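# Structural characterization, general
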Amino acid sequence: PLGSTSPANCSDSSIFLWPDDDWKAAIEQAPDGTSVFLSRGKYTGACNLAVSRDIMLMGTMTDGESETILDCKSLSRHFHIDGATVTIEGVTLMRGRADDRQRMGSSLDQE
């Protein structure tokens, strides 16, 4: 599944994801105001997440250290944010890339 919600622990606008889920689609399709909770683990692949709605992205933390890694494997940037407010907490962003013309890392692109 694309993730799940638990009415006992969260509001209707919460999504819980694991590394094996289709996490990219779930984040990109999350309705405005959604809290997306990423369980511990490494989320890998070409990220380039297009986000145009206000969301909160929360990773798993233990003793102040993130246990959630978003690794784009130097294939793409992490996020392209278009006219939205995206709050990211408890997520380590690794190996983002600006674009094919620039051989340097970049995690975020906001318009």
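Quick note: structure is the one above.
Residues numbered from 1 in each chain as written. Predicted model: local features only at pLDDT ≥ 70, side-chain atom pairs only at ≥ 80, totals over all residues. Heavy atoms only, no water.

### Comments concerning the sheet that holds strand 11 (residues 92-94)
- Pairing is parallel across the open sheet formed by three strands, whose spatial order is 3-8-11. The open sheet is flanked by strand 3 (41-44) and strand 11, the only strands paired with a single partner. In this sheet, neighbouring strand axes are inclined to one another by 20° on average, regardless of whether the strands run parallel or antiparallel.
- As defined by bridge partners, strand 8 (residues 68-71) adjoins strand 11 across three bridges and the pair is classed as parallel. From the neighbouring strand, I69 faces strand 11, where its bridge partner is T92. (Pairing = 2+ DSSP bridges. Helix = DSSP H or I, 4+ residues; strand = E, 2+ residues; numbered from the N terminus. Axes fitted to C-alpha atoms, helices over the stretch in contact; angles between N-to-C directions.)

### Description of the side chain of H78
- Tracing the sequence through the fold places H78 in the loop between strand 8 and strand 9 (79-81).
- Residue class for H78 comes out buried when judged on its relative accessible area of 0%.
- Within the local environment of H78, its side chain forms a polar contact with the backbone oxygen of L70, the two atoms lying 3.0 Å apart. (Buried < 20%, exposed > 50% of the residue type's maximum accessible area, 1.4 Å probe, protein only. Polar contact = N/O pair within 3.5 Å; in protein donor to acceptor, adjacent residues only side chain to side chain.)

### Some points on the sheet that holds strand 2 (residues 34-38)
- A sheet is described by the order of its strands in space; here four strands give the open sequence 1-2-5-10, paired in parallel fashion. Looking at which strands have only one partner, the edges of the open sheet turn out to be strand 1 (14-17) and strand 10 (86-89). On average, each strand axis in the sheet is tilted by 15° relative to the strand beside it, whichever way the strands run.
- Alignment of strand 1 against strand 2, held across four bridges, turns out to be parallel. Across the sheet, the residue bridging to L17 is L38, located in strand 2.

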